[in-house]
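Structural features, examined
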Amino acid sequence: MIRRASTFRARYRKRQITSDDAVSNGVKYTLFFFNLFFWLAGLVLLFVGVYARLLQNDWNSVAGWSTDPAILMIVTGSIIFFVSFSGCVGSLRENILLLKVFAYSLGLIFLLEVIAGILAFALQGKVKDTTQEKMLEAIEQYHLKNKQTDLDDAVETIQIRFSCCGATYPRDWLNNVYYNCSREGYSEILTACGVPPSCCRKNAKTDTQCGYKVFAYPGMTDAERKKAPRINNATSIMWTGGCTEAVFDWVKENYFLLGGFALGVLVVQIVGICLALNMIDQLKFILEHI
């Protein structure tokens, strides 16, 4: 009789847990809307990247993919989309597998971000050299496809935003086929021995030729220089500092701002991981007492 009573009480407790102790709606819907926001953001980023790449109409070319803003948006958007999608569906459907995929994926991203931050801080010189190399590659590829690309826009935006010209100095632009400087090209090619308008100190939008013919070609005589006023006034026409140094100077000046932003991103990720793990524990507890 006592055994029957204890068995009945145990079954009654299990029924109580199953009916009353469901997953916390606060955790469930906080996690759902948390992921819904990032899912939509990832979707927008993915569509913008694909659209930008379609405008280029050059999917077969893999040259410069590592520096192509459209490709970077596609990759970043895809990662955000799939990770947040698993969290979104997992929380709504109370699916432990999808919640684990979300939590472990976000944990891996968190770990990679921390490692990348530590390496970037410890290897600042190497990061600076790599940035300079990528900038030089972008300059060499500028207008190479006879049309404005996302990479071209990025180069122009950097030069205008940071008031700089070239990766190290303005003469980096002589490595570009359109701005290459030679005696023959000086007279035959309008852009030869020059820099793009984004290098100009002013009137870059209204005077698209403000950076033309600011360099002397090899072997140019003093008499020829006198006939080229842009060469004599080059420093007043264009920015003389390189963009690599300008960007890193800006980073140093905004360490606290960038650090705060990075910390905020990490905190958001930690919150997402904690919510997912908490919901997983609740679901496991319920399953164990059914």
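A short tour of the structure in this document, coming up. Note that the coordinates shown come from a computational prediction; the quantities given were computed from them, not determined experimentally. (Residues numbered from 1 in each chain as written. Predicted model: local features only at pLDDT ≥ 70, side-chain atom pairs only at ≥ 80, totals over all residues. Heavy atoms only, no water.)

1. Considering the overall build of the protein chain
We count it as follows: By the criteria applied, helices consist of DSSP H or I runs no shorter than four residues and strands consist of E runs no shorter than two, each listed in order from the N terminus. Whether two residues touch is decided by their heavy atoms; if any such pair falls within 4.5 Å, the residues are in contact. The Shrake-Rupley method, run with a 1.4 Å probe sphere, supplies the accessible areas, and residue values consider only the shown protein chains as cover.
Each helix and strand in the protein chain was counted, giving 12 helices and zero strands. In the protein chain, the succession of α and β elements from N to C terminus is α-α-α-α-α-α-α-α-α-α-α-α. The contacts in the protein chain between residues at least 6 apart in sequence include a share of 66% that link residues at least 24 apart. Summed over its atoms, the accessible surface of the protein chain is roughly 17,800 Å², and 64% of this surface lies on carbon and sulfur atoms.

2. Notes on the state of the cysteines
Linking two cysteines covalently via their sulfur atoms produces the bond known as a disulfide. Spelled out, the test is: Two cysteine sulfurs form what is called a disulfide whenever their separation falls within 2.5 Å. Burial classes: relative accessible area under 20% of the type maximum marks a residue as buried, over 50% as exposed, and values in between as partly exposed (1.4 Å probe, protein chains only).
The full count for this structure, using the stated rule, is four disulfides. Shown here is the disulfide that connects Cys165 with Cys199, its sulfur atoms set 2.1 Å apart. Disulfide Cys165-Cys199: torsion about the S-S bond near 85°, hence right-handed. You can see Cys165 sitting in the loop between helix H6 (150-161) and helix H7 (183-188) and its partner Cys199 sitting in the loop between H7 and helix H8 (222-226), a full 34 residues away along the chain. The class of Cys165 is buried, set by a relative accessible area of 0%.

3. Some words on the pattern of salt bridges
Pairing of side chains with opposite charge becomes possible as their charged atoms draw close. We count it as follows: Should a side-chain nitrogen of Lys or Arg be within 4 Å of a carboxyl oxygen of Asp or Glu, the pair is scored as a salt bridge.
Taken as a whole and assessed by the stated rule, the structure comprises three salt bridges. Between Lys128 and Glu245 there is a salt bridge, and its shortest N-O distance comes to 2.7 Å. Of this pair, Lys128 sits in helix H5 (residues 124-141) while Glu245 sits in helix H11 (residues 243-253), and the two are 117 residues apart along the sequence. Judged by its relative accessible area of 24%, Lys128 is partly exposed. A relative accessible area of 37% means that Glu245 is categorised as partly exposed. Linking Lys134 and Glu137 is a salt bridge whose minimum nitrogen-to-oxygen distance equals 4.0 Å. Residue Lys134 and its partner Glu137 are both found in helix H5; the two are separated by three residues, about one turn of the helix.

4. Notes on the packing of aromatic side chains
So the rule is basically this: Pairing of aromatic rings covers Phe, Tyr and Trp, the last through its six-membered ring, and needs centres within 6.5 Å; plane angles under 30 degrees mean stacked, over 60 mean edge-to-face, and all others mean tilted.
Overall, the coordinates contain 10 aromatic pairs when judged by the stated rule. Note on Phe34 and Phe38: the rings are 5.3 Å apart at their centroids and 55° apart in plane angle, and the pair reads as tilted. Here Phe38 and Phe34 lie together in helix H2 (residues 25-56), a separation of four residues that amounts to about one turn. Taking the relative accessible area as the measure of exposure, Phe34 reaches 18% and is therefore buried. Summarising the aromatic geometry, the rings of Phe37 and Phe38 are spaced 5.2 Å apart at their centres and angled 85° between planes, so their arrangement reads as edge-to-face.

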